[in-house]
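Structure assessment
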Amino acid sequence: MSGPNEGAFDGLRGQLEQAAATFADGPDALKEILLGIVDDVDRAVREPLEIFPVCHHSPASAIAMARRLREKRPKVVYLELCEDMAPLLTELRNCTLPVAVQSFAAEIEGFPAEWAPLSVVAPITEASAEYQAIAYTLDTPGTELVLVDRSSDHVFQWEPRGTKSAEPADPDAAPADEESALHGDAVGLEIGDLRPRFAELEEHLLRHGRVRHWSEWWHQYVELPLGDCDHDTYRQVMLLIGSLFRRLAPGDPQRVRVDEDRERYMWTRTREHLAATGTDPADCLYVCGAFHAASRVAEFGVHGADTFEITPRTATTWQHGLIPSSHAAIEAQFGLAAGSVSIAATVWAKNLSRTGVAPFRLTGQAGAKKTAKPKKSAARATASTAVVPAASGPSDPLPAADRLTGFLGRSPVLDRLDEAELLGWSVDVVRAARRNGYLASTADAISVFETSILLAGMRDRAKPTPYDFQDAAVTCIEKDSVPGRRDVRRIVEIMMGGDRIGKVGYDALPPLARDVHDRLAPLQLNLEQRGVRRALLDIAARPELERCADVLWMLRYLMPPGAARPIMGERRLGERPIQESWDLSLGTHQRALIELGYEGVSIEQVLEQRLRRTAYGPHATAATVLEAVEDATLYLRGRRLADELGTRALEVLATERSVDGAPEVLRRVRRLLAYYRTSEPVLPAWIESFVKTGYAHYCTLLPTAFTDEDAGVRQVAAMLGFLFSMETLALSLGCDRTQLELAVGQSHPEEPAKVALLWAAQVQLGVLSRADLRARCDDMLDNPMVLPAYPHYLSGFVHALEPVPGLTDFVVEAVSNAFARLPDPLLLPWLPTLIGTLRSGGAELAPLLIREAGRIFPGRLRALDEWVPPWLAPSVPPARFSARRGGGAGGLALLTAHPATCDAVARLLGCDDPWEAAEQGAPGAVLVDRHPDAATALAVLLDGS
C-alpha cells in the first residue's frame, strides 16, 4: 500500500498545491486544508473494508447504494445505526414507510430523573440508502446486517449532564403541525448527516449558490450532479464533501468529541465482528455518513488502534418498537426545509425511471408499489457506466482511479428545460389553489410558468427546480390572506409528493396495541386508518359493546386528547352506560398507542401502574390519591386496587399540614361514600378509617386555618363541611363531638369572611341562635364603621352554605338586605366577588340559593310591588295551645278517627295500654296542657320568628 503522498491522487495534489500557492493569502493554511481533504479521500478509498459514504434521505445515495449492492453482493453490511435496534428491522416489512425505529425508556437508572422519559428515533424512508441496505440483507440468503453505532443507552451516556435535547431545528424550516410532531421530543439519530457545522460556511454556500436554504443547495449542487455518476465518482465526491465540512467547520467541541467517539465505537464494533466471524473485509460494506467516512481518529480502519474502551450500559430498561413517521416530522427533527423530503421522494422516483436501477424492497412491504422491470436498454446503459466491472469481484485490492479531477474540472451540465413538465406543474398548482379557495385562473398558470423560468435564469440554471417553481407560485398566486387551510407553499409541497405519513402494521405493533384493536373489533371500524371515525355504541341493545366502552374510557384516560373523545355518554360512580358515541382517531395517534405498549402488555396494567405512580409519587396529596381511588373504581371495576390506594390516601392525609386540598377531599369523599353506601353491603374499612382520621385531623387544624392568611375561605368552609357532613359517621366510629366544639371554641378569626364562617359553625353547633345571628347582621348594617366590610361577611355566609346548607334561607335574607340597604359604591364592587364565589362553588351553592329564593320571592312581577319579605313582616305572637277551643271539648278528632298510626307507634315503643273513652267535656290534650313550653318552642321554630 502506497503512502498518503503516492498513488492515484498525485495529480490532484499537484494541482491543489499550485492553486494554494496562487490564491493563498498568508501561511500555508489553505494548502494544508486542500491537501488534507485529498489525504482523507485517499485514506478512505484505500481502506480494505469498502466504505460507502451516504447522506441522510438522499435519493442519489439510495440509487448508488442499490447499484453497488447489485454489483458487489457483499456478505456483511455494517450500518451506522444503534446496535440495539437490530431486532426491530425485520418488522419493517409490516409497515408503510416512512416509519421510525424507536428506543424508549420510561423508568431510568443512571441518568438524571428530569430526563425521563428517554426516547431515541431513527426515521427510515424508502428513498434512503439505509433502507436499501436493510432490504438487501434481510431478503438475501447468506448475508448479514450488523449495526455498529452506539447503543441507545450510550446516546444519553454521552450527553452533557445539563439537559437532554435534540438537535436544534431551524424555526422556519417546518410548520409546527400534527404531522411534524410525530417524533415528539425524541433524540434523532443523524444517519449520514451532511451539513456545515458553522454558520459562516453555510451562509457563504447559500449566498454564492443563490439559494434560500441548505436543502435547496444540496439538491442543486450535489443531489442532481451525483444522480447519474458511477460508483467511484460518487464515493470520492461524497468523501470530499465530508472531509471539506469536517476540516472547515470545527463546530461545538462537545459535538466534535461525540462524533469522534461514535467513529471509534463503530470501528471497534466492526473489528470485533470481523475477528469473531473471520469474514474477509473485501466481502463487506461499511455504510456510514460521509462526515464519519472522512474520519481521522486513530481507530479508523480494520487495522486501526484498539485503544477505545466501550463503557457498559446503565441499568435502564429499554423498550424498542416502530412508530409512524412522516416527511414533515423528519424535516422538523433534522432542521430541513419544509417539503425537502417530499421533493427527495419525487427525485427518487424520477431517478429510478431514468436510470433503470432496480431498488431493493422488503418482501411483502406494506404500501409499496410493484416496481416495473428495468428496460433492457436502461440495463445495458447502467452496466456500461459501471467503472468496476462485476467480473473483477469484490476481492480486487487495487484502489480506484482518480475520479475527482475529472469531476471537479468538468463544467456543470445544464439540464434542458422540460416545458411539458413545468407546464403541468403550473396547471396543477392553479387547480389545487382553486380547490383551496384562491381565485386563480389560467393567467396565473402562465405567470407561474414564466416566473419559474425567470427565477431559474436569475439563479444561473436553465431548468427550474421545484424550489424555483415554489417561489414562483407563491409570488403569482399568494394573496394577502389565506382563504383555506393551506397556503400556496404548502399546496406546492403536497403537489410535489405530499407529506407521506407512515403506518405501523398490525403484526409490528406491540401486544398492548394489538389487544386494543382486537377488543375494539366489534365496532367494525378501520381504526388503523388516519382520521376521525365515529363509533355508536347501543349498549342496551348489544350488551357486549360495554366491554368496548370500558376500553375507550381507559384509552381516553391514558392517551392524548383527541385519540378517543366521547360525544355522548359519561362515566360516573354507580351508573351503567346505555348509549355512547365516540370520535376515534387511533390511527392518527398511533405513536401514543405504541408507546403505551412499552409500559405494559394490557391497558389495565398500564392504567394500574400510572395510578400507583400518582398515589405513591413524591408530590401526592390526599386529594390526588382520592382521585386515583375514584379512577380505579371507575375504570378497573375492582376493589383490590381501590382499597390499596384508599389506604394510601389515609396515610397521606395523616401527614398533611396544609388545608389547600380540603375542597377536593370533601367532594371526592362525599362521592365515594355515596357510591359505597348504594353499591356495597358495608363500607370499606379504609373509608371508615379515613373519615375517622379526617375528623380528628381537621379538628386539629381548624383553629390554625381560621387565622392563617394562606388558608382561604373556601378551604376553611370545606373543612367545616367535612366535619359537619361526616359527623354522624365519625361519631358512630368512636369520635368525640367535644373535639369539634373545642376546635370551634378555640377559633378566633379576624378576616370578615372567616368570622361569618365561624358564626355559621356556631349556629350549626347550637352555640349561637338564629335570632342572635340576625341581630348581629342588623347591627353591622346600622354601623357606618363596619358597613364597608359587610360584603366580605356576606361572602363568608355564601361559603357557609357548604358546611351548613340549613342557613340557605338566612343567606337569601342577608343578600336581599344587602341589595336593599347597601349604597352602590359598596354594593357594585362586591358583585364580582359574589359571582366568582358562586362560580367556583356553583355546582353545590348556586342551586341552593336559587331554589330558596324561588320559594320566598313571588312568582309574578305584578305581585312584587305588594310583596313583603317574611323577615320584615310584623311578628304574630305564638298562640298557646289549649285543650278547649270554641268553648267546647276540643278532642283530637283526627287521631280518634284514624288510630292506626298511633297504634303502630305505640307498638314500636312497646306500649300496650288500651284506648280510654273520652269523657264529655274532658280535655283532649292533657299532656299539652300540663307541659305547654315544648309546644310553644315548636311554634316559634316553625314560625321562624
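Preceding this paragraph is the structure being described.
Thresholds, definitions, all that
- Residues numbered from 1 in each chain as written.
- Predicted model: local features only at pLDDT ≥ 70, side-chain atom pairs only at ≥ 80, totals over all residues.
- Heavy atoms only, no water.
- Phe/Tyr/Trp six-rings, centres within 6.5 Å; stacked < 30°, edge-to-face > 60°.
- Helix = DSSP H or I, 4+ residues; strand = E, 2+ residues; numbered from the N terminus.
- Lys NZ or Arg CZ within 6 Å of the ring centre and 35° of its normal.
- Core = buried A, V, L, I, M, F, W, Y, C linked by side-chain atoms within 4.5 Å.
- Buried < 20%, exposed > 50% of the residue type's maximum accessible area, 1.4 Å probe, protein only.
- Contact = heavy atoms within 4.5 Å.
- Polar contact = N/O pair within 3.5 Å; in protein donor to acceptor, adjacent residues only side chain to side chain.
- Pairing = 2+ DSSP bridges.
- Axes fitted to C-alpha atoms, helices over the stretch in contact; angles between N-to-C directions.

1. Quick look at the packing of aromatic side chains
Under the defined criterion, the tally for this structure stands at 22 aromatic pairs. Considering the side-chain rings of Trp 759 and Tyr 793, the 5.7 Å spacing of their centres and the 20° angle between planes classify their relative orientation as stacked. Separated by 34 residues along the polypeptide, Trp 759 in helix α30 (residues 752–765) and Tyr 793 in helix α32 (residues 790–799) bring together distant segments of the chain. Here the aromatic cluster, defined as three or more aromatic residues joined through ring pairs, consists of Phe 111, Trp 115, Phe 156 and Trp 318. Over the face of the ring belonging to Phe 360 we find Arg 70, whose NZ or CZ atom lies 4.0 Å from the ring centre.

2. Details of the nonpolar core
General note: in soluble globular proteins, nonpolar side chains tend to be found buried as a group. By size, the foremost hydrophobic cluster in this structure holds 201 residues, and its most contacted members are Leu 520, Leu 537, Leu 555 and Phe 690. No other element matches the 11 residues that helix α26 (residues 685–707) contributes to this core. Residue contacts for Leu 555: discarding those within four places in its chain leaves Val 516, Leu 520, Ala 564, Leu 586, Leu 593 and Ile 603. With 25 residues, the next largest nonpolar core counts Val 430, Phe 469, Cys 476 and Val 492 among its residues.

3. Structural notes on unusual backbone geometry
What you tend to see is this: most non-glycine residues have negative phi, and most peptide bonds are trans. The peptide bond linking Leu 97 to Pro 98 adopts the cis configuration, its omega dihedral lying at 5°. Topologically, Pro 98 is positioned in the loop between β3 (95–96) and β4 (99–105). The phi dihedral of Arg 73 falls on the positive side, at around 50°, and the residue is not glycine. The backbone phi angle of Gln 524 is positive, close to 55°, even though this residue is not glycine. By the element assignment, Gln 524 lies in the loop between α19 (511–519) and β11 (533–538).

4. Things to note about the side chain of Thr 355
As for its placement among the helices and strands, Thr 355 is situated in helix α12 (residues 340–355). The exposure class assigned to Thr 355 is buried, which follows from its relative accessible area of 11%. Separated by 2.6 Å, the side chain of Thr 355 and the backbone oxygen of Asn 351 make a polar contact.

5. Side note on the sheet that holds strand β12 (residues 564–568)
With antiparallel pairing, the 3 strands of this open sheet are ordered in space as β11-β13-β12. The two strands at the open ends of the sheet, each matched to only one other strand, are β11 and β12. For this sheet, the mean inter-axis angle between neighbouring strands, taken without regard to orientation, is 25°. Strands in contact with helix α20 (residues 545–558) are β11, β12 and β13 (579–584); relative to β13, the strand with the most contacts, it is inclined by about 45°.

6. Things to note about the environment of Glu 813
Mapped onto the elements, Glu 813 comes out in helix α33 (residues 808–821). A residue is classified by how much of its surface remains accessible, and Glu 813, at 6% relative accessible area, is buried. Ignoring anything within four residues of it in the chain, the contact list for Glu 813 reads Arg 774 and Trp 871. A distance of 2.9 Å separates a polar atom in the side chain of Glu 813 from a polar atom in the side chain of Arg 774.

So, to be careful, I would describe these as geometric facts and stop short of saying anything about function.
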